[in-house]
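For reference, the chains in residue letters:
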Amino acid sequence: MRKIFLLCLTLLSFNFSYGQRIEKLLRNNWKFQKGEHTNAEQKNFDDQQWENVNIPHDWAIKGPFDEKWDLQEVAIVQDGEKKKTRKSGRTGALPYVGTAWYRNEFTITDDLKDKQVLLTFDGAMSEAKVYLNGEFIGEHPYGYGYFYFDISEHIQNNKENVLAVKLHNEPKSSRWYPGAGIYRDVKLIIKDKNAIERWGNTITTPIVNKDVAKVSVVTKTTGNVSKVVHEIVSLEGKIIGKSIVTDNIKNTFQSLIKVDQPHLWSPESPSLYVMKTSTFVGDRKTDEVIEKFGIRSISFTSERFFELNGEQRKFKGVCLHHDLGPIGIAINRSALRRQLVMMKEMGADAIRTAHNMPSIEQLELCDELGLMVIAESFDEWKKPKVDNGYHRFFDEWAKIDVEHLVRATKNHPSIVMWSSGNEVPDQWGADGVKRAKWLQDIFHKEDPTRPVTVGMDQVKAVMENGFGGVLDVPGLNYRTHLYDEAFEVFPQGFVLGSETASTVSSRGVYKFPVEEFKTKKYDDYQSSSYDYEACNWSNIPEDDFILQDDKPWVLGEFVWTGFDYLGEPSPYNEEWPSRSSYFGICDLAGIPKDRYYLYKSRWKTDEETLDILPHWNWEGREGEITPVFVYTNYNKAELFVNGVSQGIKEKDKNSRLDRYRLRWMDVKYQKGDIRVVAYDDQGNMKAEKTIKTAGKPYQLLLESDRSSVVANGEDLAYVTVTVLDKQGNVCPTANLPLSFNVKGEGTFRAVCNGDATSLEMFHLPHMKTFNGKLVVTVQSANQAGDIQLEVKGKSLKKAAISIPSETK
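Please read these numbers as outputs of a predicted model, since none were measured by experiment. (Residues numbered from 1 in each chain as written. Predicted model: local features only at pLDDT ≥ 70, side-chain atom pairs only at ≥ 80, totals over all residues. Heavy atoms only, no water.)

Enquirer: Where do I start with the sheet that holds strand 40 (residues 685-692) in this structure?
Expert: Strand pairing in a sheet relies on backbone hydrogen bonds, with the paired strands running either antiparallel or parallel. Strand order in this open sheet of four strands is 37-36-39-40, and the pairing throughout is antiparallel. Each edge of the open sheet carries a strand with a single partner, namely strand 37 (644-650) and strand 40. Along the sheet, successive strands turn relative to each other by an average axial angle of 15 degrees, direction set aside. Summarising the sheet, strand 39 (residues 673-679) and strand 40 pair through seven bridges and their orientation is antiparallel. Within strand 40, the residue paired with Val676 across the bridge is Lys689. (Pairing = 2+ DSSP bridges. Helix = DSSP H or I, 4+ residues; strand = E, 2+ residues; numbered from the N terminus. Axes fitted to C-alpha atoms, helices over the stretch in contact; angles between N-to-C directions.)

Below you can see the structure in the form of structure tokens.
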């Protein structure tokens, strides 16, 4: 069950009190050391020489990059490979493999008489073994799973307690960079024995319309609770509805509360309420839980397809990996917010947490910002994809992991669908069909209000063996040529593009000739941003756009991926030093590629979009064909080269490649400028944009994504650094070394340039720009004041920016 923390988190271990409940976040003063350490679980073990770290923590992100880390000799079946080859960057070329220990000392001074104490983990990568005061408490192998232990009999009151956690990551245990460490929150919960169970509240909205809603809340309790009070409160503090319940069945209390003129949750209006649940024994209040929820309805039918709040719509979604680029997998709310806001500004209304269970922080932000979520669970079932993957634990742990996922996250209105798996090899054969049904039944038992999907890539097989027919929502990964056949075969009456496109590109890189390619490779290990390149199993965006627009029974799409991520460097799986993906709409630094504006032009048609590609610095290509593409929400535009019109182009619904983009294929490069003027359907000029040939690099432009940060020791600001010439034009081919210095009430956290082949480390304060840009991440301190970032480069005017850090 999710708890809402209404205070700004400041570092140390934090106490939060709700009624008789105390929640203590264990963030600081951890000791960390890699390797096997005999007796490290013991209370008196000497850890003075260990590293001091804060949680969340990713031990592998500081590298160094090296092709020897988790070097794999494999055939990637998902990519259609039949012969094993050497894969050096598949898991990010970072040292995540091995064993490590974390230790934390804490003292509980609260009265523990008649209290229950829980120790909770939101995620630890991976194979966690947990000890308290030298005693083995329990284990949990899945790195993406939620888990907790009742430590009431093991905790020592008014004495020093030592928590020790051993983690271990096997080689060949992942298909991408999984990270390593305690990367999500660890918490102590101290509550009365007569209280709400862990994850004991279930909030649903069985009746929803614009005039009235009925909110059901079911509360499971422990001990001898005699009364439960449910209150629905607005975010402004007004009580909307209240129920007092004394009747119970097996310690379970249920209310049905009426809400008049409800504010419904949707991506366009993500309205939230607060459910305040209190338990009593007689007149004594024993527990209180406060959690946000939303009022909304979802429906999937063969007649109306997908509806939210009674209105038909299609998913405009992206898949997001769990790493946060240069800061690794250590969860950070402001890093997540930046990603989600950028996707929302592009026009996305949904995300798929691929291929992992989402964090609480991610779901809270999706609730707040208005993004629907497919919450995924596994990339592997019983049949392996990698030698040491989740298949080792599936029989014993899959049911537990699904139950924990649903119980921990079910009250988030943003979740509209569960996914029980992605491209699992179990798609072949009768046993896989049974497993799909078994998992779906677990989801249904825990949550009968949401459907279940699986991302299926073996579409022919699942049509023949019944696998796809078992699912609530059949999800197709790629295979656009099979959509029509799947629709005819599957009984549901609709299909979902659960994973689409996988177009590959490198920001600011353009290759000639401009043609469509599959698995195209170049000597520099980059891919072209003309957005014509894909892998042999994937496609360019148009192929999905056409299906979404022309087939009403296609529920929408989830593009692979919103951001580049560490690992899986297709199509350069066999080439070193490629170590991160090329699939992203944004690069690893979070800088939009041209493709960002193609999706925005289609998904956010009510907002002006005008993107021109390529750049116009092509010394040596004078007189050569250099096609110009424009991504815009307008249907037609005119291109000028040095003031000379190259003609008006108009989108053509009958042309696959001209339906969504404007293309001038015969433009010859001349130094100077290119200008595009966009027109509405009546021929009125609506927008224009000019790109000029840049001169020599001269100065730097610094732009922060935040006007201020919170002085809490963890808030982040992302500063984009752009190389300009003397006239202020972007230098699009500048790959120049820069250095960074942070002063004041903040610290340097990381830097990233978005180059999938760069071996420069993120945590060091120097890096080359990639095609004229990079992003510096600065982190607030605990004290309010200004944070100053200074950036220098040889033969460049130094630049600085000041970011206020404020107490919230």
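Read on for the rest.
Enquirer: What should I look at first to understand the packing of aromatic side chains in this one?
Expert: Centre-to-centre distance and the angle between the planes together describe a pair of aromatic rings. Applying the stated rule across the entire model yields 42 aromatic pairs. Consider the rings of Phe315 and Phe558, whose centres lie 5.5 Å apart with planes at 40 degrees: the pair is tilted. Of the two residues, Phe315 is situated in strand 24 (residues 315-320) and Phe558 in strand 33 (residues 554-560); the sequence distance between them amounts to 243 residues. Exposure class is identical for Phe315 and Phe558. Each is buried. Aromatic rings pair up to connect Tyr142, Tyr144, Phe378, Tyr390, Phe393, Phe394 and Trp438 into one cluster. A cation over an aromatic ring shows up here: Lys227 above the ring of Phe280, its NZ or CZ 4.7 Å from the ring centre. The residue whose ring lies beneath Arg621 is Phe512, and the NZ or CZ to ring-centre distance is 3.6 Å. (Phe/Tyr/Trp six-rings, centres within 6.5 Å; stacked < 30°, edge-to-face > 60°. Buried < 20%, exposed > 50% of the residue type's maximum accessible area, 1.4 Å probe, protein only. Lys NZ or Arg CZ within 6 Å of the ring centre and 35° of its normal.)

Enquirer: Would you mind going over the side chain of Asn411 with me for this structure?
Expert: Considering the arrangement of structural elements, one finds Asn411 in the loop between helix 3 (394-409) and strand 27 (415-422). Relative accessible area serves as the criterion here: at 7%, Asn411 is assigned to the buried category. At a separation of 2.8 Å, a polar atom in the side chain of Asn411 contacts the main-chain amide nitrogen of Ile203. Within the structure, Asn411 has its side chain in polar contact with the side chain of Glu291 (distance 3.1 Å). (Polar contact = N/O pair within 3.5 Å; in protein donor to acceptor, adjacent residues only side chain to side chain.)

Enquirer: What is the right way to read the pairing of strand 20 (residues 284-293) from this model?
Expert: A regular strand places its side chains so that they alternate between the two faces of the sheet. With seven of 10 residues buried, strand 20 lies mostly within the body of the structure. Pairing geometry for strand 19 (residues 273-281) and strand 20, over nine bridges, is antiparallel. Bridging across to strand 20, Lys276 finds its partner in Ile290.

Enquirer: Can you help me understand the layout of surface pockets in this one?
Expert: In this approach the atoms are scanned with a rolling probe the size of a water molecule, which exposes any empty space left behind. Space inside the second largest pocket adds up to approximately 1400 Å³. In terms of lining residues, the second largest pocket is bounded by 46 residues, among which Ile591, Pro592, Tyr597, Lys689 and Lys773 are the most central. Of all the secondary structure elements, the ones that give two or more residues to the lining of the second largest pocket are helix 1 (333-346), helix 9 (594-603), strand 34 (610-613), strand 40, strand 41 (699-704) and strand 43 (716-724). At six residues, the largest contribution of residues to the lining of the second largest pocket is made by helix 1. Residue composition of the lining of the second largest pocket, grouped by class: 19 nonpolar, 12 polar and 15 charged. (1 Å grid on protein atoms, 1.4 Å probe; cavity = no way out; pocket = protein on both sides within 12 Å on 5 of 7 lines; lining within 4 Å. Points joined across faces, edges and corners; volume = space filled by probe spheres on them. Nonpolar A, V, L, I, M, F, W, Y, C, P; charged D, E, K, R; others polar.)

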